[in-house]
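What the coordinates show
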Amino acid sequence: MQSLSNLKNPGPTRTTPVGKEELGRMGADTLLRQQPAWFVSMAILGALYVAAVACRLLHTFGLALSLRQPKDLRRRYGAWAVVTGPTSGIGRSMALELARRGLNLVLVGRDPAKLQDIAGTASDAHGVQTKTVLFDFSLVSTPQGEEEMGRLRQAVEGLEVGVLVNNAGVATPHATYLHEADADAWVKMIRVNLCAVTEVTAAVLPGMVGRGRGAVVNIGSGAAEALPSYPLYSVYAATKRYVSHFSRSLYVEYSGKGIDVQCQAPLYVDTKMVTNMVTRGAGLLSRLIVPTSDAYAGAAARWIGFRRPVCMPNLGHRLQWCLCHYVPDRVLAAHRLRENLRQRDVFQRLRSPSGDDGH
């Protein structure tokens, strides 16, 4: 039998490490109870932080969205979609994707032959109704532009326009310093990329407000979101930054009226515009980071109505956006300037008589 003194003083505290066999016999609860309170608190905080990061990644990369059933855009928003710039690239692919989902189309562009071509393709392939509106967006804010805007308002009058895709946009023909650029070219770009988005949205919104539902999708650019600057394309990047902030504000203004407003900001997509901007070196990029316009449109349509005012529907683009957060701005800016200067040199050689390569 132990003496009273031995019970009061059981001996020195064990300081030797717990062996592997003994550790295996001890349960997790026992180990946790033996830890000091501060350690337990830090472990709980760490677990909560990891859970929060995991949820943020699911949100950022849209993994949760990919698990959802595709939305019935026609039932949720209305029977018609207006798509600007639908004759090539992202606009054409978006028009066909919306038609595949059962939406009738109002196609707005400046080339009548190409408009008829995409209208016929959508109607034949998916059995939807189509209407075309001739509109040269570079004339917005001019008397002729007012006439064309009147034709657009007349075309959508009485239609249940549920989705508007402001896709029409232009970039400068090539990388250039501002003082070297043709002033008329960037004034037209401002009209198309900035004024047209504003006026077309204002023309379509009243019907959506009256019905209490609708979706406005403005196509921005990752150049204005993922990168701190886009030198030698300064006016283009600035117009797309406007689209982003315009969409953010409208998102707040109209969310209470049943209208979802979203700026989709793609990085490089395999289109004619990207061919002009990144030159032949783009062939080195994989389809993961430069998707086809059809692949992009499939993802973009899935993101309509997903409640984020600015998003990148393509997974590869979101990965690039995430990586950019961990690279210092000065490094990104220096790399972009160096690359765009290289593009400028290539274009200058191609434009000079001695640089003719036979194409």
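Residues numbered from 1 in each chain as written. Predicted model: local features only at pLDDT ≥ 70, side-chain atom pairs only at ≥ 80, totals over all residues. Heavy atoms only, no water.

Looking at an unreviewed UniProt entry, one finds the chain named B-keto acyl reductase, with Hordeum vulgare subsp. vulgare as its source organism. In UniProt, the chain has this text filed under Sequence similarities (unreviewed entry): "Belongs to the short-chain dehydrogenases/reductases (SDR) family." (UniProt positions renumbered as here; feature names shortened; annotations may be inferred.)

1. Considering the state of the cysteines
Disulfides are covalent bonds that connect the sulfur atoms of two cysteines. Using the criterion set out here, one finds 0 disulfides in the structure. C322 carries a free sulfur, and the closest cysteine sulfur to it, the one in C324, is 9.2 Å from it. Overall, C324 belongs to the buried group, its relative accessible area being 16%. (Disulfide = S-S within 2.5 Å. Buried < 20%, exposed > 50% of the residue type's maximum accessible area, 1.4 Å probe, protein only.)

2. Remarks on the packing of helix α7 (residues 89-100) against helix α8 (residues 112-126)
Running from N to C, α7 and α8 point in directions that differ by 25 degrees, and their axes come no closer than 9 Å. With respect to α8, the element α7 is oriented roughly parallel. As α7 packs across α8, the resulting crossing turns out to be right-handed. Residues R92, L96, A99 and R100 of α7 pack against D117, I118, T121, A122 and H126 of α8. A class-by-class count of the residues in the contact of α7 with α8 yields 4 nonpolar, 2 polar and 3 charged. (Axes fitted to C-alpha atoms, helices over the stretch in contact; angles between N-to-C directions. Helix = DSSP H or I, 4+ residues; strand = E, 2+ residues; numbered from the N terminus. Parallel < 35°, antiparallel > 145°, perpendicular 65-115°, else oblique. Left-handed = near helix turned anticlockwise from the far one by under 90°. Contact = heavy atoms within 4.5 Å. Nonpolar A, V, L, I, M, F, W, Y, C, P; charged D, E, K, R; others polar.)

3. Quick look at the pairing of strand β4 (residues 161-166)
The element β4 is extensively covered by neighbouring structure, given that 6 of its 6 residues are classed as buried. In this sheet, β4 lies alongside strand β1 (residues 80-84) in parallel orientation, the contact comprising 4 bridges. Pairing of V82 across the sheet is with L164, part of β4. Bridge analysis of β4 against strand β5 (residues 214-219) gives 4 bridges, and the strand direction is parallel. Within the sheet, the bridge partner assigned to L164 lies in β5 and is V216. In this fold, β4 hands off to helix α10 (residues 183-211), which returns the chain to β5; that crossover is right-handed. (Pairing = 2+ DSSP bridges. Right-handed = clockwise from strand over helix to strand, strands pointing away.)

4. A closer look at the pattern of salt bridges
Using the criterion set out here, one finds 13 salt bridges in the structure. For the salt bridge of E97 with R101, the shortest nitrogen-to-oxygen distance reads 3.0 Å. R101 carries the same exposure label as E97, and that label is buried. Two residues, R344 and D345, come together in a salt bridge whose shortest N-O distance is 3.9 Å. (Salt bridge = Lys/Arg side-chain N within 4 Å of Asp/Glu carboxyl O.)

5. Looking at the nonpolar core
In terms of nonpolar packing, the biggest core is built from 33 residues, with V108, F137, L152, V161 and M208 touching the most fellow members. Elements with a contribution of two residues or more to this core: β1, β2 (104-109), α9 (143-156), β4, α10, α11 (234-254) and β6 (259-264). Considering every element that reaches this core, the biggest residue donor is α10, with 9 residues. Aside from chain neighbours lying at most four places away, what touches F137 is T84, G85, V108, A168, R191, V192, A196 and V200. One finds L98, V217, I219 and A297 within the second-largest nonpolar core, a separate group that totals 27 residues. (Core = buried A, V, L, I, M, F, W, Y, C linked by side-chain atoms within 4.5 Å.)

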